[in-house]
Each structure stands twice: as C-alpha cells, then as structure tokens.
Amino acid sequence: MAGAHVVVFPCPLQGHVGSMLKLAELLALHHLHVTFINTHSNHNRLTRFGNIQALSASYSTLHFITIADCYREGKHPGSRDATMGDIMLSTTLHAKPLLRNILVSESPAIPKVSCVIQDGIFGSLSNDLASELGIRIPIIHFRTSSACCFWPYFWIPKLFESKELPIRGDGDMDRTISNIPGMENLLRCRDLPSFCRPGAKGNMSIDWVSFQTQQSLAADALILNTFEELDHLVLSQIRLHFPKVYTAGPVHHHLNVRKAETNKGNDSPSFGNSFFETDRSCKAWLDAQPQGSVIYVSFGSSTIVTREELMEFWHGLVNSKKRFLLVMRPDLVVGRENDDQILEKLKEETKERGLILEWTPQEEVLAHKAIGGFLTHSGWNSTLESLVAGVPMICWPYFADQQVNSRFVSEVWKVGLDMKDVCDRDVVEKMVNDLMVHRREEFLKSAQAMAMLAHKSVSPGGSSYSSMEDLIHYIKSASK
Ligand code: UDP
C-alpha cells in the first residue's frame with residue numbers, strides 16, 4: 001500500500017509522551033498514517049486518565065504499539081529508584097527489536113514505514129537500525145526540551161575545550177559563560193543545563209547528554225517545539241549546524257487551533273495525554289475568584305521536593321496574602337511518611353485563600369481569567385503553555401533544560417522572575433507580590449505580547465503553520 005507512514009517514538013516520560021502524542025495527532029490530522037510507540041504502563045495510564053480511546057476512534061490512521069516497561073510505574077527520574085540513565089538504557093533495549101520489526105513489516109492495510117520521528121534523546125538509535133537494515137528513509141529527531149537548551153547541550157564539548165567547563169563547585173555558580181555563540185555572557189554556570197553541575201539530579205552524565213545531542217547531526221531533520229518569533233536568535237545558530245530544522249510549536253496550541261477548525265474541536269485539550277487523574281474541581285473554584293488574582297503553582301510530573309522545601313513554598317504563598325492553586329502530586333514530596341497528614345493540615349489551613357489538588361487540567365487552568373501568575377519548575381511544556389496563555393512566571397527549575405528555560409524567561413523574554421537555587425519563604429512571598437502586584441503591568445504586557453506572537457505563528461501563514469506544512473510536504477515527498 002502506498003502513502004506516508006510515520007513512526008513516532010518518545011522517551012517514556014510525561015513531558016515527552018505528551019508533546020510527541022500531540023505531534024502524532026497533528027500528523028494524523030494531515031491524513032498521515034502514524035504508529036505511536038509507548039510503554040505498556042504509560043499506555044495504560046493514558047487509557048485510564050487520558051483520551052487514547054477517543055483518539056483511536058477519531059483517527060483511523062493513528063495506531064498505538066506498546067513495548068515492555070523499563071521501570072516500575074510511579075517512579076520518576078528524579079527519584080532514587082529509577083534514574084534517567086536506567087530509563088534510557090532499558091527503553092532502548094526493549095524498543096530495538098520492535099522498531100526493527102516495524103521498519104521491515106509489510107501489510108495490506110497500512111503503508112510501509114516511510115519516516116521515523118524519534119525523541120532526540122535516543123541519539124543514533126533509529127539511524128543505526130536503518131543502516132543495519134539497509135533502509136533509506138528520513139529519520140527525524142524531535143526535541144521535547146527547549147531550543148534554548150538544545151543549543152548549550154550541543155555546545156558542551158566546546159565549553160570543555162575553552163575551559164569554561166567543568167563547574168568548579170558551589171562558589172563557581174555565578175561565573176558567566178561567554179563561549180556559547182548567540183548567548184554570549186547570558187548564562188551563568190547555574191543557568192547551564194543541570195547535568196553540567198557536579199552531582200547533578202537525574203544521574204545523567206553531561207558527556208552522555210552531549211554525545212546524544214551530537215548524534216542529531218546524522219538525522220535528516222530536526223523538529224523543535226518552539227516558534228521562530230520566540231527563539232530566532234538561537235535558531236539561527238542551530239541552523240548553521242542543522243540545515244533542516246522545523247519549528248512547528250507550540251505543538252499543544254498548534255493542535256488546539258487545527259482541531260478547532262475541524263470537527264475534532266470538542267476534545268478537551270489539557271488532560272488528553274495525562275498520566276495522572278485530573279481533578280476538575282478547580283474550575284468552579286477558579287470561577288469564583290477575581291480576575292488575575294490567583295497564582296497557580298505546579299512542578300510538573302517529575303520534580304520532587306523535600307518536606308522543608310514544600311513548607312517554604314507554602315508559608316511563602318500564605319504570607320504573600322495572594323490566592324493560590326497548588327498542585328501536590330501524590331509523589332511530589334520525597335519520602336512519603338506522614339504525607340497525608342501534611343496534606344490534610346495544609347488543606348485545612350489554606351482553605352480561606354488556597355486550593356490544593358493532586359493534578360489539574362493545566363492548559364485550562366492557565367487559560368482561566370482568574371490566573372495572574374504561574375510558579376513553575378520551568379519544564380518546557382509548562383513554559384510554552386504559560387507563554388501561550390500570556391501568564392507571567394516565577395521559575396524554580398529542578399533539572400535538565402529547566403535551568404536554561406528559567407534564565408530565558410527572566411532575561412530574554414522578560415515574562416517573569418527566576419528563583420533558581422533559592423527556596424525561602426521570604427523570597428517566595430516577595431516574588432509572588434512582585435509578579436502579581438508591583439511589577440504586574442510590566443510582566444503582563446510582555447507575556448501578552450508573546451502570547452499574541454505564539455498564536456500568530458500557528459495561524460494560517462504564520463511561521464509554525466508554514467513549518468508544519470513544509471514538514472508534511474517533506475514526509476510525503478519522501479514516501480513516494
Ligand atoms: N500538567 C497537568 N496538570 C498538572 C501538572 C502538569 O496537566 O497538574 C501537565 C502540563 O500541562 C505539562 C506537563 O504536565 O503539559 C508537564 O510537562 P513539563 O514539560 O512542563 O514538565 P515535566 O513533567 O516534563 O517535568
């Protein structure tokens with residue numbers, strides 16, 4: 001059977017699966033056959049908490065295939081039980097035989113695979129398999145992290161050559177990095193990807209991250225979840241080394257806009273790809289709050305905090321006298337002893353001005369008129385969702401690209417404040433008040449301007465809209 005058939009293969013973590021599933025849906029909206037590879041447990045979680053069934057029913061060309069699990073369900077890369085290294089190693093091991101099969105299989109119902117879009121974090125996996133099998137099809141790398149972090153990842157070897165790396169301990173964190181083209185003197189050591197730090201969280205070595213990033217040079221194209229207007233400086237640098245870069249982001253917004261134009265516009269956008277049970281009770285609570293009065297606090301799907309850190313955040317929020325909506329995932333706090341007691345105590349003491357939930361429909365929350373700010377861990381999806389909603393941010397980055405994203409939020413895009421490496425109730429209180437009151441106009445103005453640019457980029461004729469068209473054309477023409 002002729003036609004385009006794309007395999008989409010994300011790293012099995014919420015932020016990666018979420019954005020690559022949205023990309024898969026965008027491809028299916030363009031009538032491409034798409035096979036989405038996921039682990040059993042992630043697929044089960046999407047079946048329980050997401051909209052996999054609805055997706056399968058809506059798109060006859062979207063297919064799901066699962067592979068064995070690589071780590072115990074509920075364990076996150078930040079925890080001691082499953083490191084990023086473990087996850088990468090075992091996923092690669094399980095995925096290889098399956099990918100090999102898919103690449104050679106023929107069926108009367110589905111066209112032969114004509115393109116692979118793999119998570120860039122898997123390095124040369126698909127390229128190696130395609131060469132081993134003697135298959136020449138486009139292998140595209142999708143980066144679920146930011147472009148502004150992809151570039152430092154790529155430049156790491158040069159930072160070692162110029163002796164700007166390694167970081168020499170805590171006293172070295174404020175040293176400015178001058179040798180990243182396009183980012184000269186912008187990043188301090190503390191703003192580099194977290195894996196550059198001695199004893200970094202997630203147990204991934206910077207050598208490994210840098211090596212995997214270099215492997216993207218062998219890919220036929222790169223997809224970055226960003227838009228030209230947001231990242232043009234960094235994109236012009238990346239394009240000097242990667243001639244074919246598609247910027248079809250923000251993917252979640254791109255998909256929402258395309259779906260709104262079709263009869264597929266009724267699906268709820270924000271919990272369609274969730275690994276957790278979404279609590280929608282915040283909607284009624286938010287409806288009852290004044291416009292722009294609530295600070296939304298969420299640390300994504302993987303960040304873990306100590307009990308002391310949680311208490312600093314909570315006291316800071318309470319002392320700020322602002323209303324807040326705090327997401328406390330069941331596994332947010334390290335060491336779960338007495339968790340329920342803490343939660344009940346906080347809920348009780350908070351109920352005047354705050355709401356604490358385990359997982360929210362975040363895109364909808366950020367779009368709600370009651371939200372005036374977002375205290376975030378600066379995960380790339382959360383950052384994009386906030387930019388699209390025009391909501392200013394306070395950043396408390398945890399790991400990976402988040403250290404770079406938060407620097408860009410405060411110093412480049414000027415849509416918020418960077419609180420990295422500090423967790424102190426007085427600082428939380430001050431930053432919440434700066435964001436929501438004292439500097440509100442300034443941040444709101446730049447956040448809303450950025451939101452308009454984001455929206456324009458995915459509208460017909462916009463940069464991301466055109467990039468998506470180009471990508472579809474490239475995939476289709478390679479399938480003839
Ligand atoms: N998210 C959500 N509800 C929550 C918290 C997070 O739907 O209560 C979603 C959020 O919208 C985002 C994803 O989880 O799409 C988190 O991805 P991100 O890249 O920000 O961080 P990660 O989880 O990868 O650290």
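Since the structure is predicted, the reported quantities are computational estimates derived from the model, not experimental observations.

Asker: Would you mind showing me how to read the overall build of the protein chain here?
Answerer: Broken down by element type, the protein chain carries 18 helices and 13 strands. In terms of overall size, the protein chain behaves like a compact globule, its C-alpha atoms giving a radius of gyration of 22 Å where 480 residues would be expected to give roughly 23 Å. The dimensions of the protein chain, computed from C-alpha atoms along their principal axes, are 65 × 55 × 45 Å. A buried classification covers 50% of the 480 residues belonging to the protein chain. The long-range fraction of contacts in the protein chain, counting pairs at least 24 apart against all pairs at least 6 apart in sequence, stands at 71%.

Asker: Mind showing me how you'd approach the environment of E312 here?
Answerer: With respect to the element layout, E312 can be found in helix α11 (residues 307-320). The class for E312 is partly exposed, based on 19 C-beta atoms found within 10 Å. C-alpha of E312 to C-alpha of C423: the two residues are 111 residues apart in sequence and 6.5 Å apart in space. Among all residues touching E312, those that are not within four sequence positions of it are C423, D424, R425 and V428.

Asker: For this particular structure, what's the right way to read the sheet that holds strand β4 (residues 115-119)?
Answerer: Within a sheet, neighbouring strands are paired by backbone hydrogen bonds and run either parallel or antiparallel to one another. Spatial strand order, β3-β2-β1-β4-β5-β6-β7: seven strands in an open sheet with parallel pairing. If you trace the sheet from one side to the other, it starts and ends with β3 (62-67) and β7 (245-247), each paired once. Ignoring strand direction, the axes of neighbouring strands in this sheet form an average angle of 20°. Note that strand β2 (residues 33-39) and β3 share six bridges and pair parallel. Residue pairing across strands places N38 opposite T66, the latter belonging to β3. Contacts between helix α4 (residues 84-104) and the sheet are confined to β1 (5-9), β2 and β3, with β3 contributing the most and set at about 140° to the helix.

Asker: Explanation requested: helix α9 (residues 251-261) in the structure shown.
Answerer: One full turn of an α-helix is made of 3.6 residues, so residues set three or four places apart face in the same direction. Looking at α9, one finds that the buried residues are V251, H252, H253, H254 and L255. The elements touched by buried residues of α9 are α1 (14-29), α13 (362-367), α14 (380-389), α17 (440-458) and α18 (463-478).

Asker: In this structure, what is going on with the site of the ligand? I would like to understand it.
Answerer: The full set close to the ligand counts 20 residues, and G15, G300, Q362, G379 and S382 are the nearest of them. Elements with a minimum of two residues in the shell around the ligand: α1, α13 and α14. Looking at the shell around the ligand, the element that brings in the most residues is α14, giving four residues. Broken down by class, the residue content of the shell around the ligand amounts to three nonpolar, 15 polar and two charged.

Asker: Mind showing me how you'd approach helix α2 (residues 40-49) here?
Answerer: The set of residues buried in α2 consists of N42, H43, R45 and L46. Take α2 and look down its axis: the buried residues cluster within an arc of 160°, on one side only.

Asker: Whenever I open this one, the pairing of strand β5 (residues 139-143) confuses me. Can you help?
Answerer: Buried residues dominate β5, accounting for five of its five residues. Of the two faces of β5, the one lined by I139, H141 and R143 and the one lined by I140 and F142 are each fully buried. As judged from the four bridges shared by β4 and β5, these two strands associate in the parallel manner. When the sheet's bridge partners are listed, Q118 is paired in β5 with H141. Sheet analysis places β5 next to strand β6 (residues 221-224), joined by four bridges and oriented parallel. Paired with I140 across the two strands is A221, which belongs to β6.

Asker: For this particular structure, what's the right way to read unusual backbone geometry?
Answerer: Excluding glycine, most residues fall at negative phi; most peptide bonds, likewise, are trans. The peptide bond linking L165 to P166 adopts the cis configuration, its omega dihedral lying at 5°. With respect to the helices, strands and loops of the structure, P166 is situated in the loop between α6 (147-161) and α7 (206-214). For the bond from G249 to P250, the omega torsion is -10°, close enough to zero to count as cis. Along the chain, P250 falls in the loop between β7 and α9. Despite not being glycine, N185 has its phi angle at roughly 60°, a positive value. Within the fold, N185 resides in the loop between α6 and α7. At D421, a residue that is not glycine, the phi angle is positive and equals roughly 65°. Summarising the element assignment, D421 is placed in the loop between β13 (416-418) and α16 (425-438).

Asker: Please explain the confidence of the model for the protein chain as it appears in this structure.
Answerer: Interpretation of the predicted coordinates at a detailed level should be avoided for regions scoring low in pLDDT. Averaged over all residues, the pLDDT of the protein chain is 90; the fraction at 70 or higher stands at 93%. In the predicted structure, residues 76-80 sits below a pLDDT of 50 and forms 19 contacts with residues beyond four places in sequence or in another chain. Here the predicted complex scores 0.94 on pTM and 1.00 on ipTM.

About the criteria used
Residues numbered from 1 in each chain as written. Predicted model: local features only at pLDDT ≥ 70, side-chain atom pairs only at ≥ 80, totals over all residues. Helix = DSSP H or I, 4+ residues; strand = E, 2+ residues; numbered from the N terminus. Rg over C-alpha atoms; globule rule 2.2 N^0.38 Å. Buried ≥ 20, exposed ≤ 12 C-beta atoms within 10 Å, placed from the backbone. Contact = placed C-beta atoms within 7 Å. Pairing = 2+ DSSP bridges. Axes fitted to C-alpha atoms, helices over the stretch in contact; angles between N-to-C directions. Near = placed C-beta within 6 Å. Nonpolar A, V, L, I, M, F, W, Y, C, P; charged D, E, K, R; others polar. Arc of directions from axis to C-beta. pLDDT = per-residue confidence, 0-100.

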